[in-house]
Number of protein chains: 2
Amino acid sequence: MELSFLGTGSGVPSKGRNVSALALQLLEERGATWLFDCGEATQHQILHTSIRPRRIEKIFITHLHGDHIFGLPGLLGSRSFQGGDTPLTVYGPKGIEAFVETALLVSGTRLKYDLEVMEFVEGTVFEDHQFVVTAQLLDHGMPSYGFRIVEKDLPGTLLVDKLRALGIRPGPIYQQIKQGKMITLENGKVIDGREFVGPPQKGRVVAIMGDTRYCEASIELAKEADVLVHEATFGAAEAQLAHDYFHSTTVQAAEVAKRAEAKQLILTHISSRYQGDMCDKLLEEAKAIFPNTAIASDFMSFSLAKKK
Amino acid sequence: MELSFLGTGSGVPSKGRNVSALALQLLEERGATWLFDCGEATQHQILHTSIRPRRIEKIFITHLHGDHIFGLPGLLGSRSFQGGDTPLTVYGPKGIEAFVETALLVSGTRLKYDLEVMEFVEGTVFEDHQFVVTAQLLDHGMPSYGFRIVEKDLPGTLLVDKLRALGIRPGPIYQQIKQGKMITLENGKVIDGREFVGPPQKGRVVAIMGDTRYCEASIELAKEADVLVHEATFGAAEAQLAHDYFHSTTVQAAEVAKRAEAKQLILTHISSRYQGDMCDKLLEEAKAIFPNTAIASDFMSFSLAKKK
Ligand SMILES: [Zn+2]
Ligand SMILES: [Zn+2]
């Protein structure tokens with residue numbers, strides 16, 4: 001599981017930072033990549049990474065501002081042109097379907113794969129045996145959502161050596177033991193399956209916020225998350241500007257991470273007014289409140305190791 | 001008058017060539033830049049040039065394929081964000097208005113300048129005292145147009161030295177002389193205004209084609225043009241592919257230039273299958289038929305000197 005930052009700027013592209021897009025690479029987990037937001041030229045950024053468009057399985061959109069969606073039609077089209085043929089689902093707020101459909105229709109783009117566009121409201125956006133993704137409304141000029149991506153716990157592995165030591169050979173019985181049942185062996189002995197299964201492997205939690213002011217929903221979404229990706233469009237000195245434009249400061253992002261008891265904070269959506277050394281200052285402001293903070297840059301990757 | 005190539009690739013962006021966009025810089029002529037097509041990340045390309053988005057006055061769209069229009073919403077939005085406040089007109093085939101309006105509406109983009117979107121059919125697309133732009137339908141999988149941009153002839157300059165030598169002093173009479181009228185001087189002498197006006201300065205002609213197969217309309221549009229920009233998606237060996245996908249080969253583009261008696265041909269919209277040295281071969285194929293040919297690359301500029 002790895003986060004790859006494709007666009008970490010705010011509003012308009014600059015030479016240093018493209019507009020918003022973030023890949024959650026789940027190659028080991030499910031051979032797939034999920035995208036969060038898709039600003040213009042996300043497909044161009046991807047050209048400079050190891051990400052394969054055909055592997056993109058899901059695209060989650062936090063909100064409909066242009067710097068978060070204008071790369072979507074091009075990416076969808078190129079994925080088809082380059083041979084992508086597996087289904088892809090776009091999850092976004094109300095309006096995303098009209099945008100995608102109009103762009104594809106007007107441009108005569110015919111996709112060679114099944115595209116589903118799902119408009120979500122708050123709550124569970126996606127769930128399968130492996131992951132559950134929930135969304136909550138944040139506080140922005142238009143409906144903007146944060147996502148909590150929860151990897152489900154993996155059951156513990158069967159302690160085969162311990163079973164063999166007792167002379168219990170592989171067979172259908174292993175399946176029952178793995179389920180933690182009480183089992184009566186052929187020799188009449190009763191064993192407790194739970195004693196032959198290792199501890200479950202805790203799933204990881206990633207919280208990715210859309211553009212927002214400081215708000216309680218962010219804290220709920222980020223509760224004890226392994227990593228929280230939060231916007232910090234402005235430095236601490238620009239709290240008024242941040243409020244006026246429905247954005248957050250470094251300090252507000254750090255406050256969210258602290259109150260949520262997240263393990264790691266990554267700041268993104270940095271205004272182009274902050275260049276070079278000025279970004280170090282942004283980072284310091286956040287670290288003073290939440291030490292385990294990083295500031296994202298385009299093409300930065302962040303690995304989330306499996307839990308013990 | 002200068003052509004600046006912003007995207008010279010075909011279909012999808014590659015590391016070497018972005019999707020289609022071409023700037024006609026008219027800074028000296030009218031302090032403005034016109035764009036022809038606006039593929040995704042055109043605004044990103046512009047960041048690496050001296051082009052100022054606020055100076056973009058008109059955007060002409062040849063056809064609605066994604067690689068020619070998906071950069072439009074982002075460019076329009078960023079132009080406003082960066083302080084552009086003068087009117088801008090987009091000219092495009094039927095459907096362009098629905099695309100632009102939906103993208104701006106869904107994304108909540110409010111422009112701080114007047115945007116007009118005009119859907120054209122064949123004929124005169126735009127005309128003022130300086131320029132006339134006409135469009136003709138080409139032969140592509142969807143309606144695709146070529147543009148002929150004609151700079152109107154400038155009237156000759158008044159031969160002031162010659163007038164002064166005759167003792168004719170500056171005054172309202174100069175205006176009449178410049179118009180080439182017969183004038184009776186105070187001393188009763190009659191002069192022919194046309195004898196005191198230099199030759200008119202011929203306007204320049206630029207022909208820019210959308211995606212197309214070889215067709216007669218291209219030849220009409222490019223008739224005696226100073227420069228013809230024509231697609232050459234494929235090399236000469238791929239005439240069948242070119243036909244199947246409604247594109248042209250190098251040889252076909254050169255044939256258009258030759259039959260039109262254009263002065264210069266520039267090949268663009270090059271498939272990403274041609275890399276490095278292979279592009280030299282494309283150029284040779286065209287030059288064998290029309291020697292005055294160049295092959296465009298991203299960020300290439302081509303100046304059109306004023307005529308004598
Ligand atoms: Zn944003
Ligand atoms: Zn094209």
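Parameters at a glance
- Residues numbered from 1 in each chain as written.
- Chains lettered and ligands numbered in written order.
- Predicted model: local features only at pLDDT ≥ 70, side-chain atom pairs only at ≥ 80, totals over all residues.
- Heavy atoms only, no water.
- Donors = N, O, S within 2.8 Å, 3.2 Å for Na, K, Ca; no water.
- Tetrahedral: all angles 85-135°; square planar, octahedral: opposite > 155°, others 65-115°.
- Helix = DSSP H or I, 4+ residues; strand = E, 2+ residues; numbered from the N terminus.
- Buried < 20%, exposed > 50% of the residue type's maximum accessible area, 1.4 Å probe, protein only.
- Contact = heavy atoms within 4.5 Å.
- Polar contact = N/O pair within 3.5 Å; in protein donor to acceptor, adjacent residues only side chain to side chain.
- Least-squares fit on C-alpha atoms with pLDDT ≥ 70 in both.
- UniProt positions renumbered as here; feature names shortened; annotations may be inferred.
- Salt bridge = Lys/Arg side-chain N within 4 Å of Asp/Glu carboxyl O.
- Pairing = 2+ DSSP bridges.
- Axes fitted to C-alpha atoms, helices over the stretch in contact; angles between N-to-C directions.

1. Comments concerning the coordination of the zinc ion (ligand 2)
Around a metal, the ideal angle is 109.5 degrees if four donors adopt a tetrahedral arrangement and 90 or 180 degrees if six donors adopt an octahedral arrangement.
Piece 1. Those protein atoms acting as donors to the zinc ion (ligand 2) are B:Asp67 (OD), B:His68 (NE2), B:Asp211 (OD) and B:His269 (NE2), and they sit at 2.1 to 2.4 Å.
Piece 2. Taken together, the four donor atoms coordinating the zinc ion (ligand 2) span angles of 88 to 166° at the metal, a pattern that classifies the geometry as irregular.

2. Remarks on the environment of A:Lys162
Residue and element names in this part refer to chain A.
Piece 1. Position of Lys-162 among the secondary structure elements: in helix α6 (residues 160-165).
Piece 2. Under the relative-accessibility criterion, Lys-162 is labelled partly exposed at 41%.
Piece 3. Note: C-alpha distance between Lys-162 and Ala-294 (132 residues apart in sequence) is 43 Å.
Piece 4. Setting aside chain neighbours within four positions, we find Lys-162 in contact with Glu-195 and Phe-196.
Piece 5. For Lys-162, the side chain forms a polar contact with the main-chain oxygen of Glu-195, separated by 2.8 Å.

3. Here we look at the relation of the copies chain B and chain A
Piece 1. Rotating chain B by 180° and moving it 0.1 Å along the rotation axis overlays it on chain A with an RMSD of 0.1 Å. Classification of the inter-copy transformation places it as that of a two-fold axis. Relative to the rotation axis, the C-alpha of B:Ala41 is the closest in chain B, positioned 2.7 Å from it.
Piece 2. A shared interface surface links the copies, since 100% of the contact residues of chain B are contact residues in chain A too.

4. Let's talk about the UniProt feature "active site" (unreviewed entry) in chain A
Residue and element names in this part refer to chain A.
Piece 1. When the UniProt feature table is mapped onto this chain numbering, "active site" (unreviewed entry) sits at Asp-67.
Piece 2. Along the chain, the position of Asp-67 falls in helix α3 (residues 66-69).
Piece 3. The residues contacting Asp-67, other than those within four sequence positions of it, are Ser-10, Gly-11, Val-19, Ser-20, Gly-39 and His-269.
Piece 4. Within the local environment of Asp-67, its side chain forms a polar contact with the backbone nitrogen of Gly-11, the two atoms lying 3.0 Å apart.

5. Regarding unusual backbone geometry
All names here are of chain A.
Piece 1. In the Ramachandran plot, Ala-41 falls in the positive-phi region, its phi being about 75° despite a non-glycine side chain.
Piece 2. Among the structural elements, Ala-41 can be located in the loop between β3 (32-38) and α2 (42-46).
Piece 3. By relative accessible area, Ala-41 is classed as buried at 3%.
Piece 4. Non-glycine residue His-269 carries a positive phi angle of around 60°.

6. A word on the pattern of salt bridges
All names here are of chain B.
Piece 1. Summed over all chains, the structure comprises 27 salt bridges over all chains.
Piece 2. Among the salt bridges present, the one from Asp-226 reaches Lys-263, with a minimum N-O distance of 3.9 Å. One end of the pair, Asp-226, is in the loop between α8 (216-221) and β13 (227-231); the other, Lys-263, is in the loop between α10 (250-260) and β14 (265-268), with 37 residues separating them in the sequence.
Piece 3. Residue classification places Asp-226 among the buried residues on the basis of a relative accessible area of 12%.

7. Digging into the sheet that holds strand β3 (residues 32-38) of chain B
Residue and element names in this part refer to chain B.
Piece 1. The seven strands lie next to each other as β6-β5-β4-β3-β2-β1-β16, forming an open sheet whose pairing is mixed. Of all strands in the sheet, those bounded by a partner on one side alone are β6 (115-119) and β16 (301-303). Sheet twist, expressed as the average angle between the axes of neighbouring strands with direction ignored, equals 20°.
Piece 2. Bridge analysis of strand β1 (residues 2-7) against β16 gives three bridges, and the strand direction is antiparallel. Looking at the pairing, Leu-3 lines up with Phe-302 of β16.
Piece 3. Contacting β3, β4 (56-60), β5 (88-92) and β6, helix α4 (residues 72-81) runs over the sheet at an angle of about 170° to β4.

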